[in-house]
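Residue-level structure breakdown
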Amino acid sequence: MHGLERRLRRIVALLIAAATGSISSPSTCIEHNAESNTVCLSGTVCDVLTAEGIENCHIVVGEDSTRPDPSGSYEVRLPASAYVFSVRSLDKEYYTYSTLLHLREDTHLDVPMIPRSVDVRFLKSFFPNDVIIRWENLPIKVYYNRPDAPAGYIHMLEGAIGDWEFVSAMNLFEEVQTPEEADLDIEYVSHVKYAESTIDLRVDAGCFTHMTISIETYYPWYIFGQKSYAYKAFAHELGHALGLSHSTYPFQIMASPHVGKWEITAPLGTIIQVVYSLPVGTNLLCYPINEK
Ligand SMILES: [Zn+2]
């Protein structure tokens, strides 16, 4: 009771102080010169997989809104400031894109829209930091290191490469003859710490610059399902090489913990297609998944 009384007294004191002007509201109002400081925001809204412009959507920038033309192009002029920018598909064919924009000068922003046929939750599961880090260009140049490969390993490496390319319908990897030309080196080693295979990734400015896959040499003797364990190890490390982290989704080759069939499944092909269609460094938080 005593506490309540004290709080009431405090509120009354504050009301009196406010009425007499002895406290000021915390004014953080930034002065904008709307007329002399407008900027142009423009770009194209397109389907991330087909690259075709999307007209049937609603673009909202702060309090303003607009629609793209039939080719998907849009343009708005507004005062330099920070805005919530979002693009919503009118027929719900695409996930909403939403980001915070700090507009200081004329800005070009192309908006890649992800079709709802893609499972964005599944996509996000491979990017724990939400940012897409990948190779700038495909195919990835691979040095197979044929002279050092134990018997059967090249066949398994080629099988894993072939399966990634099959599910994605993309030309992802290309063999080169020297390590100097390679983006990705394969090393065959007698022991890998804490695992059977590992990958060392180098990254610069959001892109991979070089990688080495190290795989242990006793694998061909282990049979896993219908394929050898070395095939599985290559398939898994190549998933990392493409940019995928471990995902808790079961029944796919990047599953960790290892649940269900450990395979390069068809949905992974779609994931690779989307990853290599989005701009490098895309933040997946721009595609909120909890909306209805
Ligand atoms: Zn792994």
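Below is a short write-up of the structure. (Residues numbered from 1 in each chain as written. Predicted model: local features only at pLDDT ≥ 70, side-chain atom pairs only at ≥ 80, totals over all residues.)

So, the nonpolar core
Basically, it comes down to this: We define the nonpolar core as any set of buried residues of the types Ala, Val, Leu, Ile, Met, Phe, Trp, Tyr and Cys, connected via C-beta atoms lying within 7 Å of each other. Between the buried cut of 20 or more and the exposed cut of 12 or fewer other C-beta atoms within 10 Å of a residue's own C-beta lies the partly exposed class, and all C-beta atoms are placed from the backbone. Segments assigned H or I by DSSP are reported as helices when at least four residues long, segments assigned E as strands when at least two residues long, and all are numbered from the N terminus. Throughout the structure description, domain borders are defined by an automatic or database domain assignment. Throughout, a pair of residues is in contact if the C-beta atoms placed from their backbones lie within 7 Å.
Val 45, Met 113, Leu 157, Ala 160, Ala 230, Phe 234 and Leu 238 are the most contacted members of the largest nonpolar core, which totals 63 residues. When residues of this core are assigned to their parent elements, the largest contribution, nine residues, is made by helix 4 (residues 229–242). Taken domain by domain, this core gets at least three of its residues from each of domain 1 (38–117) and domain 2 (140–275). Those residues in contact with Leu 157, other than ones at most four positions away along the chain, are Tyr 144, Ile 186 and Phe 234.

Concerning the sheet that holds strand 2 (residues 57–61)
Condition: At least two DSSP bridges between two strands are required for those strands to pair. Every angle, taken between N-to-C directions, lies between 0 and 180 degrees, and every axis is a line fitted to C-alpha atoms, over only the stretch in contact when it is a helix.
Overall, antiparallel pairing links the four strands, which are arranged 3-2-5-6 in an open sheet. The open sheet has two free edges, formed respectively by strand 3 (64–66) and strand 6 (97–103), since each of these has just one partner strand. Averaged over neighbouring strand pairs, the angle between their axes works out to 20° when direction is ignored. By the bridge criterion, five bridges tie strand 2 to strand 5 (residues 81–89) in an arrangement that is antiparallel. Across the sheet, the residue bridging to Val 60 is Ser 86, located in strand 5.

Remarks on the sheet that holds strand 9 (residues 140–143)
Strand order in this open sheet of five strands is 10-9-11-13-12, and the pairing throughout is mixed. Each end of this open sheet is capped by a strand with a single partner; those strands are strand 10 (173–176) and strand 12 (197–204). Within the sheet, the average angular offset between the axes of one strand and its neighbour, ignoring direction, is 25°.

Section: the environment of Asp 64
Locating Asp 64 in the fold gives a position in strand 3. A count of 12 C-beta atoms within 10 Å places Asp 64 in the exposed class. Taking the C-alpha atoms as reference points, Asp 64 and Val 76, 12 residues apart in sequence, are found 8.5 Å from one another. Filtering out sequence-adjacent residues up to four positions away, Asp 64 remains in contact with Val 76 and Leu 78.

Scope: geometric values only; no functional claims are made or implied.
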